[in-house]
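Chain and residue survey
Chain by chain, the residues run as shown.
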Amino acid sequence: MNKLLNNPKNNIIAIIIVEIITLSISFTVDYSDAGMVGIILKWVPALIGITTLLLYFVSRLFIKKYNWIISLIGIIVMCIATYNLYITDYSQTL
């Protein structure tokens, strides 16, 4: 099990798959009343995913074990950010 979790290929693929799913969810949200901020909000999951990948690659240089924790934290943060974007009512904002 430990080899499966520490495999870089599995972690990178998992981050990319979750990033694609959360990005497609964030693009389906109606940002019509958000204005220019809506354009930036659409790309929040992608920015979190890219940051997670960069942190994962840097951590692979220094630490060889337990890098899957960084992947898991990044996946959870992407899901939470997408959920918050999805449930927000943008007609209430200024």
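See above for the structure.
A short tour of the structure in this document, coming up. The model shown is predicted, which means the values in this text are computed figures rather than measured ones. (Residues numbered from 1 in each chain as written. Predicted model: local features only at pLDDT ≥ 70, side-chain atom pairs only at ≥ 80, totals over all residues. Heavy atoms only, no water.)

**Overview of the nonpolar core**
Formed by Ile15, Val18, Ile48, Leu53, Ile75, Met78 and Ala81, the largest nonpolar core amounts to seven residues. Every element with two or more residues in this core is listed here: α2 (8–27), α4 (44–62) and α5 (68–87). Here the element with the most residues in this core is α5; it accounts for three residues. Look past the residues within four positions of isoleucine 48 in its chain and what remains in contact with it is Gly74, Val77, Met78 and Ala81. Tyr31, Ala34, Leu41 and Leu85 belong to the second largest nonpolar core, which has six residues in total. (Core = buried A, V, L, I, M, F, W, Y, C linked by side-chain atoms within 4.5 Å. Buried < 20%, exposed > 50% of the residue type's maximum accessible area, 1.4 Å probe, protein only. Helix = DSSP H or I, 4+ residues; strand = E, 2+ residues; numbered from the N terminus. Contact = heavy atoms within 4.5 Å.)

**What to know about α5**
Look at α5: 29 Å from first C-alpha to last across 20 residues, which is about the 28 Å you get at 1.5 Å a residue. Every buried residue of α5 is listed here: Ser71, Gly74, Ile75, Met78, Ala81, Thr82 and Leu85. Buried residues of α5, seen end-on, are gathered within an arc of 130° and therefore sit on one face of the element. For α5, the elements touching its buried residues are α2, α3 (36–42) and α4. (Expected span 1.5 Å × (residues − 1). Arc of directions from axis to C-beta.)

**A look at the side chain of asparagine 67**
Of note, asparagine 67 is situated in the loop between α4 and α5. Setting aside residues up to four positions removed in sequence, asparagine 67 forms contacts with Asn6, Tyr56, Ser59 and Arg60.

**A closer look at the packing of α2 against α4**
Their axes nearest at 8 Å, the elements α2 and α4 cross at an angle of 170°. Judged on the interaxial angle alone, α4 and α2 are roughly antiparallel. Counting all contacts with α2, which are made through Pro8, Asn11, Ile12, Ile15, Ile16, Glu19, Thr22, Leu23 and Ser26, the residues of α4 involved are Pro45, Ala46, Gly49, Ile50, Thr52, Leu53, Tyr56, Phe57 and Arg60. Residue composition of the contact of α2 with α4, by class: eleven nonpolar, five polar and two charged. (Axes fitted to C-alpha atoms, helices over the stretch in contact; angles between N-to-C directions. Parallel < 35°, antiparallel > 145°, perpendicular 65-115°, else oblique. Nonpolar A, V, L, I, M, F, W, Y, C, P; charged D, E, K, R; others polar.)

**Focus on α2**
Taking 1.5 Å per residue as the helical rise, α2 with its 20 residues ought to reach 28 Å, and the 28 Å between its terminal C-alpha atoms agrees with that figure. Residues of α2 that are buried: Asn11, Ile15, Val18, Glu19, Thr22, Leu23 and Ser26. Projection of α2 onto a plane perpendicular to its axis shows the buried side chains occupying an angular sector of 135°, all on one side. Exposed and oriented more than 90 degrees from the buried face of α2 are Lys9 and Ile20.

**Here's the deal with the environment of serine 71**
Of note, serine 71 is situated in helix α5. Under the relative-accessibility criterion, serine 71 is labelled buried at 3%. Counting along the chain gives 61 residues from serine 71 to asparagine 10, while the straight-line C-alpha distance between them is 9.9 Å. Every residue in contact with serine 71, bar those within four places of it in the chain, is listed here: Asn11, Ile15, Thr52 and Tyr56.

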